[in-house]
Amino acid sequence: QVQLVESGGGLVQPGGSLRLSCAASGFTFSGVTMSWYRQAPGKSREWVATITSAGGGTNYADSVKGRFTISRDNAKTMLYLQLNSLKPEDTAVYYCNTVSQRFSWGQGTQVTVSS
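Residues numbered from 1 in each chain as written. Predicted model: local features only at pLDDT ≥ 70, side-chain atom pairs only at ≥ 80, totals over all residues. Heavy atoms only, no water.

Peer 1: Which parts of the structure should I look at to understand the pattern of salt bridges?
Peer 2: Should their charged atoms come close, side chains of opposite charge can pair. Across all of its chains, the model carries four salt bridges by this definition. Between Arg38 and Glu46 there is a salt bridge, with the nearest N and O atoms lying 2.6 Å from each other. Under the relative-accessibility criterion, Arg38 is labelled buried at 6%. Residue class for Glu46 comes out partly exposed when judged on its relative accessible area of 36%. With its nearest N and O atoms 2.7 Å apart, the salt bridge here joins Asp90 to Arg67. (Salt bridge = Lys/Arg side-chain N within 4 Å of Asp/Glu carboxyl O. Buried < 20%, exposed > 50% of the residue type's maximum accessible area, 1.4 Å probe, protein only.)

Structure below.
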């Protein structure tokens, strides 16, 4: 059974940082290109970042480029997203999934950026 469990969100002031984690199980994690997505209140879910299966390639949405860093640990079947220089517009529920959104969505982790 596939499971994607996101964690690490919270309330942070503008300019702050957070590190999100995604624990993956039930599939061959090391063979899959993974992505982070987010959904802000009243908006559709949007793509944030992607990392290739071995971690050698990454890609980011323009809105987060230079501020967010995606990484993975295939031995631990973990996906990460380092969020730096956070802005209020980064407030959203963050989710992980494959780049093709193959699996059911997890519960996500809430990130709130506010002073």
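Back to the text.
Peer 1: Please explain the side chain of Thr50 as it appears in this structure.
Peer 2: Within the secondary structure layout, Thr50 lies in strand S5 (residues 46–51). A distance of 2.7 Å separates a polar atom in the side chain of Thr50 from a polar atom in the side chain of Trp47. What Thr50 contacts, discounting residues up to four positions off in sequence, is Thr33, Met34, Ser35, Gly57, Thr58, Asn59, Ile70 and Val99. (Helix = DSSP H or I, 4+ residues; strand = E, 2+ residues; numbered from the N terminus. Polar contact = N/O pair within 3.5 Å; in protein donor to acceptor, adjacent residues only side chain to side chain. Contact = heavy atoms within 4.5 Å.)

Peer 1: Explain the environment of Gln101 here, please?
Peer 2: Structurally, Gln101 is set in the loop between strand S9 (92–98) and strand S10 (109–113). Sequence separation between Gln101 and Ser71 is 30 residues, and the spatial gap between their C-alpha atoms is 18 Å.

Peer 1: Honestly, the nonpolar core in this entry has me stumped. Any pointers?
Peer 2: The tendency in soluble globular proteins is for nonpolar side chains to be buried side by side. Membership of the largest hydrophobic core comes to 30 residues, with the highest contact counts inside it found for Trp36, Leu79, Leu81 and Tyr94. Within the residue set of this core, elements represented by two or more residues are strand S3 (18–25), strand S4 (34–39), S5, strand S7 (68–73), strand S8 (78–83), S9 and S10. At four residues, S3 tops the list of elements feeding residues into this core. Sequence-distant contacts of Leu81, defined by excluding residues within four places in its chain, comprise Leu18, Arg19, Leu20, Trp36, Val48, Ala49, Phe68, Thr69, Ile70 and Tyr94. (Core = buried A, V, L, I, M, F, W, Y, C linked by side-chain atoms within 4.5 Å.)

Peer 1: For this particular structure, what's the right way to read the packing of aromatic side chains?
Peer 2: The geometry of two aromatic rings is summed up by the distance between their centres and the angle between their planes. As enumerated under the stated definition, the model contains four aromatic pairs in all. A centroid spacing of 5.2 Å and a plane angle of 90° characterise the contact between Tyr37 and Trp105, whose relative ring orientation is edge-to-face. Note that Tyr37 is positioned in strand S4 and Trp105 in the loop between S9 and S10, a separation of 68 residues in sequence. When its relative accessible area of 27% is taken as the criterion, Trp105 is described as partly exposed. For the ring pair Tyr95 and Trp105, a centre distance of 5.7 Å and an interplane angle of 75° mean the geometry is edge-to-face. Taken together, the positions of Tyr95 in strand S9 and Trp105 in the loop between S9 and S10 put the pair ten residues apart, joining distant regions of the chain. Residue classification places Tyr95 among the buried positions, given a relative accessible area of 9%. By the ring-pair criterion, three or more aromatic residues cluster together here, those being Phe27, Phe29 and Phe103. Lying over the aromatic face of Tyr80, Arg19 brings its terminal NZ or CZ to 3.9 Å of the ring centre. (Phe/Tyr/Trp six-rings, centres within 6.5 Å; stacked < 30°, edge-to-face > 60°. Lys NZ or Arg CZ within 6 Å of the ring centre and 35° of its normal.)

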